[in-house]
Amino acid sequence: GDSVTQMEGPVTLSEEAFLTINCTYTATGYPSLFWYVQYPGEGLQLLLKATKADDKGSNKGFEATYRKETTSFHLEKGSVQVSDSAVYFCALSDRSNTGKLIFGQGTTLQVKP
Amino acid sequence: DTAVSQTPKYLVTQMGNDKSIKCEQNLGHDTMYWYKQDSKKFLKIMFSYNNKELIINETVPNRFSPKSPDKAHLNLHINSLELGDSAVYFCASSQRGADNEQFFGPGTRLTVL
């Protein structure tokens with residue numbers, strides 16, 4: 001079945017460091033891909049999305065490019081802030097009528113001042 | 001003007017009790033979901049309703065029963081609660097056909113003692 005694999009966390013960075021969180025997927029067909037962020041004690045918020053190959057999603061300085069050839073959707077940010085500390089989830093939607101999201105295991109990011 | 005709301009935010013109860021969690025969305029979406037997040041932050045779909053019709057029913061004990069009285073509400077009733085039911089339960093909604101972008105509620109933290 002469809003699946004999403006993220007890099008293991010936690011990831012600890014200093015403020016202004018470059019961030020990469022790896023995400024790869026397995027799916028039949030052409031899924032939509034998402035990054036969600038969960039701040040401590042809160043629900044999930046959509047960070048960015050891409051719906052077809054070579055699309056780049058971007059928001060709040062974060063970017064991810066839908067790479068069909070490597071089945072990847074890595075999340076990047078050029079300069080992280082303490083306020084970016086959160087859990088980041090990569091997810092796919094298989095475009096079936098069910099519309100369900102399949103999530104990776106989440107990657108905790110901690111940014112230190 | 002909360003988009004997806006859940007009540008209660010916290011629920012502490014004894015083993016064997018029956019409890020309900022309520023979810024409401026004011027986004028006009030036609031599809032709603034319940035997800036379970038375990039202690040390791042892993043998220044898994046439980047149920048989904050589209051226009052009040054059940055379309056996803058993952059491998060979930062039949063002690064869990066969703067009910068959708070209308071498109072804007074999806075409640076989750078749990079009978080005979082067990083220790084392993086302790087988790088955070090998230091409600092989400094989306095509009096079918098809109099790239100399946102899902103909007104999440106703040107979550108209900110259920111603790112079974």
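Residues numbered from 1 in each chain as written. Chains lettered and ligands numbered in written order. Predicted model: local features only at pLDDT ≥ 70, side-chain atom pairs only at ≥ 80, totals over all residues. Heavy atoms only, no water.

We now examine the overall build of chain A. Assigned secondary structure in chain A consists of 0 helices and 12 strands. Along chain A, helices (α) and strands (β) appear in the sequence β-β-β-β-β-β-β-β-β-β-β-β when read from the amino end. By the compact-globule yardstick of 13 Å for 113 residues, chain A fits well, its C-alpha radius of gyration being 14 Å. For chain A, the spread of C-alpha atoms along the three principal axes comes to 45 × 30 × 20 Å. Considering only contacts in chain A between residues 6 or more positions apart, those separated by 24 or more positions represent 56%. Summed over all atoms, the accessible surface of chain A reaches about 5200 Å², with 47% contributed by carbon and sulfur. (Helix = DSSP H or I, 4+ residues; strand = E, 2+ residues; numbered from the N terminus. Rg over C-alpha atoms; globule rule 2.2 N^0.38 Å. Contact = heavy atoms within 4.5 Å. Areas by Shrake-Rupley, 256 points an atom, 1.4 Å probe, with all protein chains shown as cover.)

As a further point, take the sheet that holds strand E8 (residues 62–65) of chain A. In sheet architecture, strand pairing relies on hydrogen bonds along the backbone and comes in two forms, parallel and antiparallel. Residue and element names in this part refer to chain A. If you trace the 4 strands from one edge of the open sheet to the other, you get E3-E9-E8-E7, paired in antiparallel fashion. At either margin of the open sheet sits one strand with a lone partner, and together these are strand E3 (19–21) and strand E7 (56–59). If you compare each strand with its neighbour and ignore which way they point, the axes differ by 15° on average. Across 4 bridges, E7 lies against E8 in antiparallel orientation. Note that in E8 the partner of Gly57 across the bridge is Ala64. (Pairing = 2+ DSSP bridges. Axes fitted to C-alpha atoms, helices over the stretch in contact; angles between N-to-C directions.)

With respect to the element layout, A:Glu8 can be found in the loop between strand E1 (3–6) and strand E2 (11–14). Separated by 72 residues in sequence, A:Glu8 and A:Val80 place their C-alpha atoms 18 Å apart.

Moving on: the pairing of E2(A). Residues and elements named next belong to chain A. Along E2, the buried face is formed by Val11 and Leu13; none of Thr12 and Ser14, which line the opposite face, is buried. Sheet topology note: the E2/strand E12 (residues 107–112) ladder contains 4 bridges and is parallel. Bridge assignment links Ser14 to a residue of E12, and that residue is Lys112. (Buried < 20%, exposed > 50% of the residue type's maximum accessible area, 1.4 Å probe, protein only.)

Let us look at the interface of chain A and chain B. The interface is formed by 22 residues belonging to chain A together with 22 residues belonging to chain B. Contact with chain B buries surface across chain A, with A:Leu44, A:Lys100 and A:Phe103 losing the most and accounting together for 26% of the total. Between chain A and chain B we count 2 salt bridges in total. Between A:Lys49 and B:Glu101 there is a salt bridge, with its nearest N and O atoms 2.9 Å apart. Where chain A packs against chain B, one counts 5 residue pairs in polar contact (both at pLDDT 80 or more). Of all the secondary structure elements, the ones that give two or more residues to the side of chain A that touches chain B are strand E5 (32–38), strand E6 (44–50), strand E10 (86–93) and strand E11 (101–103) of chain A. Tallied by class, the residues present in the side of chain A that touches chain B amount to 8 nonpolar, 11 polar and 3 charged. (Buried area = accessible area lost by both parts, 1.4 Å probe. Salt bridge = Lys/Arg side-chain N within 4 Å of Asp/Glu carboxyl O. Polar contact = N/O pair within 3.5 Å; in protein donor to acceptor, adjacent residues only side chain to side chain. Nonpolar A, V, L, I, M, F, W, Y, C, P; charged D, E, K, R; others polar.)

On to the state of the cysteines. In the structure shown here, the tally under the stated rule is 2 disulfides over all chains. Note that A:Cys23 is cross-linked by a disulfide to A:Cys90, the S-S spacing being 2.0 Å. The chirality of the disulfide connecting A:Cys23 with A:Cys90 is left-handed, given an S-S dihedral of about -70°. Residue A:Cys23 is located in strand E4 (residues 23–26), and its partner A:Cys90 is located in strand E10; the two are separated by 67 residues in the primary sequence. Disulfide partner of B:Cys23: B:Cys91, at an S-S distance of 1.8 Å. (Disulfide = S-S within 2.5 Å.)

Our next topic: the sheet that holds strand E8 (residues 73–78) of chain B. Residues and elements named next belong to chain B. The strand order across the open sheet built from 4 strands is E1-E3-E8-E7, with neighbouring strands paired in antiparallel fashion. Taken across any chain shown, the strands that pair with only one partner, and hence form the sheet edges, are strand E1 (4–7) and strand E7 (64–70). Averaged over all neighbouring strand pairs, the angle between strand axes comes to 20°, with direction disregarded. Bridge count between E1 and strand E3 (residues 19–25): 4 bridges; the pairing is antiparallel. Considered in E3, the bridge of Val4 is made with Gln25.

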